[in-house]
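Residue-level structural notes
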Amino acid sequence: MYLLFAVPIIIILIVIIIIFLLRKMKQIQTEPYAAPVEKPVVSTSVPISQLKTHIMGHNTNFFLTQFKSIPTVYIGEKTEKKDTAATYDHSFIRVTPWPPQRPANFFTPSFLALSKEKLIATQDPVAETTVGFLNLLWDKEVVKIAMISTEKTDNEDSYWSHKNKKIDCYTLKTVKTEVFTDYTIRTLDIIKDDNPPRQLTHFQYTAWPEDGSDPCLWSLVEFEHKVFLNTLEEVTLVHCQSSVNRSSLFIALHDLIRQAKLNHSVDFVETVSRLRQDRPNMVASFEQYMFLHHAAQAGIACTGSYTHISAIFLKVHLMGSVVNGKTNFETEFKNLFSVEIKFTAGDGDVTQDPKSKDRFNIIPDKKYQPVLQVESREETAYINAVILPSLITQPKQFLTQLPMPTTVNDFWRLVTQYNVSLIVAFKSYEKDKVGV
């Protein structure tokens, strides 16, 4: 008789256990999850003192193996995506949808849990997502925007203008604009309905080549310094066309510089891994991964070298101090020259016979090299010269060697073709070898 009562109870318990296990399995499959970075058997952390040796002492296969070991997408349920700009449920920021019938996840901003800083990554807004983008700025009280693309203000989809711009319930006013050679800094007021205006700073990096090649290391490092100069508890939003290429490099660079300051070491593998935990495909290519190494090295070398004009005299005084037998000037100079620069040689007709064209066989990087127009078979496009960077205006200064007898014609072609109006020459110790 007891058996008759026991059998139904056992069956009920089994059913309950099965239901519990099924629900648990479903929860594991669908629950948003950011997998913790598994620590590799061999540490990938690199002390700052060994960074140059680390970069120069390993071949391409070493770094390629590292890069391929980083998961592109971590376990988790992704939201709806636009192109490659996917995000995870746990990092996806839901803003008020506009128009009301459009799903909130059409626009895919992500919070990045790299540090205590509040960083948001997203793609450039287009016509359909501009209001959602402005909702994001307003709802999350964004104070700074870093825009890593060269979009012009006359683009009808842009969310700011030289003049006041009205978009749905928002009004954006440009209060101040400072234009530099490689970036532009704007002060914007954003107003929603009848609310008091909020002010934000808009940093736009304009020097990233449109042909897909890498930007100048020093230029990007300077921009990073400008954006994060006074970051406290402010919310910073970074965006580019896809949010997983230029933006991810910029954010990763900032995190590596921060690591160097706090820990005196950097970990490229862990940095990219943590980025991809919050947004898939960040630092999308191996070429970007390698560029990140060189950019981080340049950024770390420049750490502490920025000085406000009000403190310049104190800076000079302190730089003259001797530490471990060297002045701080010598130490800083050595750090800058320790940076391993990725050199880009000229192509085709641009680099011609260094023995006859170059006094000391020092070849300029083609990124910064003027190219001469060729008007006869005897002429080439090559000249040993570089275009010097400028702070505010487009570069108009050239640095070149004193011409040799074989390069006099090239020298004057440079002067006439680029409308040079002033030449400054320093006395040569080999007058007989100067061609002018």
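We now turn to the structure provided with this report. (Residues numbered from 1 in each chain as written. Predicted model: local features only at pLDDT ≥ 70, side-chain atom pairs only at ≥ 80, totals over all residues. Heavy atoms only, no water.)

Some thoughts on the packing of helix H5 (residues 217-227) against helix H8 (residues 286-302)
One way to put it is that H5 packs onto H8 with a least axis distance of 9 Å and a crossing angle of 60°. Judged by the inter-axis angle, H5 sits oblique to H8. Viewed along their axes, H5 and H8 form a crossing whose handedness is right-handed. Between H5 and H8, the contacting residues are Leu217, Trp218, Leu220 and Val221 on the first element and Phe291, His294, Ala295, Ala298, Gly299 and Cys302 on the second. Looking at the contact of H5 with H8 residue by residue, the class counts come to 8 nonpolar, 2 polar and no charged. (Axes fitted to C-alpha atoms, helices over the stretch in contact; angles between N-to-C directions. Helix = DSSP H or I, 4+ residues; strand = E, 2+ residues; numbered from the N terminus. Parallel < 35°, antiparallel > 145°, perpendicular 65-115°, else oblique. Left-handed = near helix turned anticlockwise from the far one by under 90°. Contact = heavy atoms within 4.5 Å. Nonpolar A, V, L, I, M, F, W, Y, C, P; charged D, E, K, R; others polar.)

Considerations on the packing of helix H7 (residues 268-278) against H8
Describing two packed helices takes the angle between their axes plus the distance from one axis to the other. Axis separation between H7 and H8 bottoms out at 11 Å; the angle between their running directions is 120°. Judged by the inter-axis angle, H7 sits oblique to H8. In this structure, H7 meets H8 at a crossing whose hand is right-handed. For the pair formed by H7 and H8, the contact residues are Phe268, Val269 and Val272 on the first element and Tyr289, Leu292, His293 and Ala296 on the second. Looking at the contact of H7 with H8 residue by residue, the classes come out as 6 nonpolar, 1 polar and no charged.

Some remarks on the environment of Leu200
In this fold, Leu200 is placed in strand E8 (residues 198-205). Spatially, the C-alpha atom of Leu200 lies 7.6 Å from that of Ile145, the residues being 55 residues apart in sequence. Sequence-distant contacts of Leu200, that is, excluding residues within four places in its chain, are made with Leu137, Val142, Val143, Ile145, Arg186, Thr187, Leu188 and Ile190.

A look at unusual backbone geometry
For Asp193, which is not a glycine, the phi torsion comes out positive at approximately 50°. Although it is not a glycine, Asn419 sits at a positive phi angle of roughly 55°. Within the fold, Asn419 resides in the segment after helix H12 (408-417). In this structure Asn419 comes out as exposed when scored by relative accessible area, which is 65%. (Buried < 20%, exposed > 50% of the residue type's maximum accessible area, 1.4 Å probe, protein only.)

With respect to the pattern of salt bridges
Across all of its chains, the model carries 9 salt bridges by this definition. A salt bridge links Asp255 to Arg258; the nearest nitrogen and oxygen atoms lie 2.7 Å apart. Within this pair, Asp255 and its partner Arg258 are both found in helix H6 (residues 246-263), separated by 3 residues, close to a single helical turn. Counted as one network, the salt bridges with shared partners bring together Asp255, Arg258, Glu270 and Arg274. (Salt bridge = Lys/Arg side-chain N within 4 Å of Asp/Glu carboxyl O.)

Side note on the sheet that holds strand E6 (residues 170-179)
With respect to topology, 8 strands assemble into an open sheet ordered E2-E3-E9-E4-E8-E7-E6-E5, the strand pairing being mixed. The open sheet terminates on both sides in strands that have one partner only, identified here as strand E2 (110-112) and strand E5 (165-167). Strand-to-strand, the axes of this sheet are offset by a mean angle of 25°, without reference to chain direction. By the bridge criterion, 3 bridges tie E5 to E6 in an arrangement that is antiparallel. Within the sheet, the bridge partner assigned to Lys166 lies in E6 and is Thr171. (Pairing = 2+ DSSP bridges.)

Purely geometric numbers; function is a separate question.
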